[in-house]
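Per-entry structural report
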Amino acid sequence: MSANSRLTIAAHALTWIGLYQRRGHEVATSEQIAASANTNPVVIRRLLAKLSKAGLVDSRRGAGAGWMLARDLAAITLLDVYQAIEPGPVFAMHRAAPDPECVVGHGIGPAMTAVYDDVEAALRGELAKTTLEDVLRDILKAA
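Identification of the chain as Rrf2 family transcriptional regulator from Streptomyces smyrnaeus is taken from an unreviewed UniProt entry.

The next point concerns the overall build of the chain. Across its full length, the chain holds six helices and two strands. Element order for the chain, N to C, with α for helix and β for strand: α-α-α-β-β-α-α-α. What you see for the chain is a C-alpha radius of gyration of 19 Å, clearly larger than the 15 Å of a compact globule of 143 residues, by over 25%. Its C-alpha atoms give the chain principal-axis dimensions of about 65 × 30 × 25 Å. The proportion of buried residues among the 143 residues of the chain is 31%. Counting contacts in the chain only where the partners sit at least 6 residues apart, residues at least 24 apart contribute 64% of the total. The centroid of the 15 positive side-chain charges in the chain is displaced by 9 Å from the centroid of its 15 negative side-chain charges.

What follows is about the side chain of T15. Its location among the elements puts T15 in helix 1 (residues 6–22). A distance of 2.7 Å separates a polar side-chain atom of T15 from the backbone oxygen of A11. Not counting residues within four places of it along the chain, the set of residues in contact with T15 comprises L73, L132, V135, L136 and I139.

What follows covers the nonpolar core. Counting 31 residues, the largest nonpolar core has L14, I17, L48, L51, V57, V81 and L132 as the members making the most contacts within it. Of all the secondary structure elements, the ones that give two or more residues to this core are helix 1, helix 2 (30–37), helix 3 (41–53), strand 2 (66–69), helix 4 (78–85) and helix 6 (132–142). It is helix 1 that contributes the most residues to this core, eight residues altogether. Setting aside residues no more than four positions away along its own chain, L132 makes contact with A11, L14, T15, L73, I76, L78 and V81.

All of the buried residues along helix 2 are S30, I33, A34 and A37. All buried residues of helix 2 fall inside an arc of 100° around its axis, so they share one side. For helix 2, the elements touching its buried residues are helix 1, helix 3 and strand 2. Just downstream of helix 2, N38 is the residue with a positive phi angle, here 55°.

A word on helix 4. Buried residues dominate helix 4, accounting for six of its eight residues. Turning to helix 4, its buried residues are L78, L79, V81, Y82, A84 and I85. Elements in contact with the buried residues of helix 4: helix 1, helix 3, helix 5 (103–128) and helix 6.

Backbone geometry places N38, a non-glycine residue, at a positive phi of 55°. Along the polypeptide, N38 turns up in the loop between helix 2 and helix 3. Residue class for N38 comes out exposed when judged on its relative accessible area of 72%.

Conventions used here
Residues numbered from 1 in each chain as written. Predicted model: local features only at pLDDT ≥ 70, side-chain atom pairs only at ≥ 80, totals over all residues. Heavy atoms only, no water. Helix = DSSP H or I, 4+ residues; strand = E, 2+ residues; numbered from the N terminus. Rg over C-alpha atoms; globule rule 2.2 N^0.38 Å. Buried < 20%, exposed > 50% of the residue type's maximum accessible area, 1.4 Å probe, protein only. Contact = heavy atoms within 4.5 Å. Lys, Arg positive; Asp, Glu negative; His and termini not counted. Charge placed at Lys NZ, Arg CZ, Asp CG, Glu CD. Polar contact = N/O pair within 3.5 Å; in protein donor to acceptor, adjacent residues only side chain to side chain. Core = buried A, V, L, I, M, F, W, Y, C linked by side-chain atoms within 4.5 Å. Arc of directions from axis to C-beta.

Here is the structure:
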């Protein structure tokens, strides 16, 4: 099972757009962003569509088409990005109900739900502490 990179790619895209705009450009194309992230522009467009629905980016069509931030990087947390692209819980229970006559099948749901609730709360708390401005600052320090 591979790790999910959607949050990283979405944060990359938004941070790239923010820096690109600070350097005097109005809009960024999905091709430009994809080149930076070394991924397919279709992947970027799908993520940007979700980020647009969440009010984090806007798009311009026609001549000069592209993407721009809808909010300043300092006003976007990693939690905002996460909620836009991963609306469901981090972990899920069985797709089909386990055997209720089995002691493990009967008790696994409540036992795991308690753990998952704590993990979800910790994850959201940590993501809420970091803005994309923080991410950009750390990127520029490392450059």
